[in-house]
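Okay, here's what each chain looks like letter by letter:
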Amino acid sequence: MTRILHRSIGGSLPQAVAGQGVFITDEDGRSYIDGSGGAAVSCLGHGHPEVMAAMQAQMDRIAYAHTSFFTTDVAEELAERLVALAPEGLDYVYLVSGGSEAVEAAMKMARQYFVEIGQPQRRHFIARRQSYHGNTLGALAAGGNAWRRAQFQPILPETHHVSPCYAYRDQKAGEAPEAYAARLADELEAKIIELGADEVIAFIAEPVVGATLGAVGPVADYFARIRRICDKYGVLLILDEVMCGMGRTGTVFACEQEGISPDLVTIAKGLGGGYQPIGAVLLSEKIYRAFAEGSGLFQHGHTYICHPMAAAAALKVVELISQPEMLANVRLMGERLQAGLDARLGQHPHVGDIRGRGLFRGIEIVADKETKTPFDPALKIHARIKKEAMARGLLCYPMGGTIDGRLGDHVLLAPPYIIAPEEIDQLVERIAGAIDAAVKG
């Protein structure tokens with residue numbers, strides 16, 4: 001008997017009782033490789049002594065102080081460190097408690113910015129289909145996951161969507177990556193013009209798409225083109241790095257690899273490494289100045305923003321993940337993971353694509369490799385993969401909805417950054433076995 005409203009009602013979940021490194025142990029003493037870091041959260045693995053010591057030290061000082069009365073040294077230091085690591089132009093930080101909160105706050109910042117500078121007519125947000133930006137209403141509206149949106153559609157704010165950068169399915173035969181990127185950029189420009197160039201607030205995108213598509217990155221100069229179009233029409237660019245940021249793709253911020261700076265970027269998940277709930281929005285000087293020289297406030301807030309315990313955990317996590325040797329290991333083990341998956345599953349008749357960056361990899365499952373036809377959604381192949389993986393002592397992040405947010409299956413792998421080569425090899429064998437069993441079952 002449980003009094004918890006679990007995600008799925010009527011099932012039975014094992015109880016996690018311990019975690020160390022890349023492993024979680026259940027009440028029966030069984031260990032699982034945490035091959036997805038939960039939901040790409042546990043970037044440093046479990047039981048990291050330095051993070052726990054930082055939290056204990058902060059608890060000994062002060063655990064909570066409301067931001068209407070106080071700031072704290074630990075929150076200030078975290079903001080300084082994040083700005084120092086961020087792409088040029090991101091100069092201020094707003095600390096929240098998670099990814100959905102961060103996206104919600106970024107959207108409100110973007111709207112208030114235009115009110116402050118005398119353009120209150122701007123009201124539209126544009127995002128991409130097959131994206132995911134969170135579960136609160138504004139974030140859910142921005143996202144393009146059809147299944148998650150469906151039953152809440154009548155109460156979602158109006159948003160608009162353009163095509164994702166999804167080369168595996170949408171790049172035409174013979175179309176060069178640069179031409180594909182240009183076609184997608186033209187689509188965004190057309191949508192801005194259609195809505196009214198002076199009425200669009202922002203374009204929101206994940207640099208590497210997480211849960212809904214499964215580690216899909218951009219092609220060629222896609223984001224450079226997007227940045228130029230946003231600048232052309234005075235539209236803000238919001239990058240959602242809640243899942244793909246904080247070292248997950250091999251650089252602290254995923255957008256570093258695109259050579260651009262957004263106006264706003266959201267982070268969470270790996271920011272706290274699972275040790276505390278925390279997220280953040282990094283914002284540009286021009287947005288901060290509009291608030292400071294206008295109303296003098298950001299009209300928003302939550303009880304636990306700038307939480308000292310969360311800031312202490314995040315400060316130590318960021319210190320550790322930003323070390324060159326840590327990021328080098330993410331890239332090295334990411335290459336080993338990709339090579340292992342290619343060798344084990346590259347010719348598999350039901351594996352259509354293996355992709356990603358760093359320790360952020362996706363495997364797309366298909367019924368027919370040649371036609372890329374998905375399995376019947378009723379088969380719930382993604383759920384079968386999760387079950388088979390757990391039976392083999394592996395935690396992964398499978399999901400339906402690769403094609404349109406409703407159809408298709410994929411598996412997301414996002415193991416901790418402190419992972420050894422032999423643990424990568426075990427992960428590969430276990431996921432390959434799970435996929436084999438799931439598609440045959």
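Just above, that's the structure.
Read on for an overview of the structure. Small disclaimer: the values here were computed from a predicted structure and weren't measured. (Residues numbered from 1 in each chain as written. Predicted model: local features only at pLDDT ≥ 70, side-chain atom pairs only at ≥ 80, totals over all residues. Heavy atoms only, no water.)

**Let's talk about the environment of E319**
Heads up, the rule is: To qualify as a helix, a DSSP run of H or I must reach at least 4 residues; to qualify as a strand, a run of E must reach at least 2; elements of each kind are numbered from the N terminus. The definition of a polar contact used here is a pair of N or O atoms within 3.5 Å, where within protein one atom must be able to donate a hydrogen and the other to accept one, and adjacent residues in sequence count solely through side-chain atom pairs.
Structurally, the position occupied by E319 is in helix α11 (residues 308–321). For the pair E319 and F152, spaced 167 residues apart in sequence, the C-alpha to C-alpha distance is 39 Å. At a separation of 3.2 Å, a polar atom in the side chain of E319 contacts the side chain of K316.

**A few points about the packing of helix α4 (residues 99–116) against helix α10 (residues 285–292)**
For clarity, the cut-off: Note on method: axes are straight lines fitted to C-alpha atoms, helices fitted across the in-contact stretch only, with angles between N-to-C directions ranging 0 to 180 degrees. Angles below 35 degrees are treated as roughly parallel, those above 145 as roughly antiparallel, those between 65 and 115 as roughly perpendicular, and all remaining angles as oblique. By convention the crossing between two helices is left-handed if the near helix lies anticlockwise of the far one by an angle smaller than a right angle, and right-handed if it lies clockwise. Contacts are assigned to residue pairs that have any heavy atoms within 4.5 Å of one another. Any residue outside Ala, Val, Leu, Ile, Met, Phe, Trp, Tyr, Cys, Pro, Asp, Glu, Lys and Arg is labelled polar, Gly included; the first ten of those are nonpolar and the last four are charged.
Close contact between α4 and α10 brings their axes to 9 Å; oriented N to C, the two are set at 60 degrees. As summarised for this structure, α4 and α10 are arranged oblique, according to the angle between their axes. Viewed along their axes, α4 and α10 form a crossing whose handedness is left-handed. Between α4 and α10, the contacting residues are M109, Q112, Y113 and E116 on the first element and K286, I287, A290 and F291 on the second. By residue class, the composition of the contact of α4 with α10 is five nonpolar, one polar and two charged.

**Side note on the nonpolar core**
Side chains of nonpolar character tend, in soluble globular proteins, to be buried together. What counts here: Residues belong to a common nonpolar core when they are buried Ala, Val, Leu, Ile, Met, Phe, Trp, Tyr or Cys residues joined through side-chain atoms within 4.5 Å. When a residue's accessible area, from a 1.4 Å probe over protein chains only, is under 20% of the maximum for its type it is buried; when over 50% it is exposed; and in between it is partly exposed.
Membership of the largest hydrophobic core comes to 96 residues, with the highest contact counts inside it found for F203, I363 and I431. Considering every element that reaches this core, the biggest residue donor is α11, with eleven residues. Residues in contact with I431, not counting those within four places in the same chain, are L341, I363, I385, L394, C396, V411 and L413.

**Side note on the pattern of salt bridges**
Side-chain pairs of opposite charge can arise whenever the charged atoms involved come near each other. Inclusion rule: When a carboxyl oxygen of Asp or Glu lies within 4 Å of a side-chain nitrogen of Lys or Arg, that pair is called a salt bridge.
This model, assessed by the stated rule, comprises 20 salt bridges. One salt bridge in this structure joins R123 and E199, with 3.4 Å as the shortest N-O distance. Of this pair, R123 sits in the loop between α4 and β5 (124–128) while E199 sits in the loop between α8 (177–195) and β7 (200–205), placing them 76 residues apart in sequence. Judged by relative accessible area, which is 24%, E199 ranks as partly exposed. We note a salt bridge from R357 to E258, for which the minimum N-O separation is 2.8 Å. Of the two residues, R357 sits in strand β11 (residues 351–357) while E258 sits in the loop between β8 (236–240) and β9 (264–267), which places them 99 residues apart along the sequence. Several salt bridges converge on common partners, so that one network encompasses R169, D353, R355 and E364.

**Focus: the packing of aromatic side chains**
Applicable threshold: Note on aromatic contacts: the rings of Phe and Tyr and the six-membered ring of Trp form a pair at centre separations within 6.5 Å, being stacked when their planes are under 30 degrees apart, edge-to-face when over 60 apart, and tilted otherwise. Two limits define a charge over a ring: the Lys NZ or Arg CZ must be within 6 Å of the ring centre, and within 35 degrees of the ring normal.
Summed over all chains, the structure comprises six aromatic pairs. Ring plane angle 70 degrees and centroid distance 5.0 Å describe the contact between Y113 and F114, whose orientation is recorded as edge-to-face. Within the aromatic cluster, the residues linked to one another by ring pairs are Y94, F291 and F298. Directly above the ring of Y132 sits R148, whose terminal nitrogen or CZ lies 4.6 Å from the centroid.

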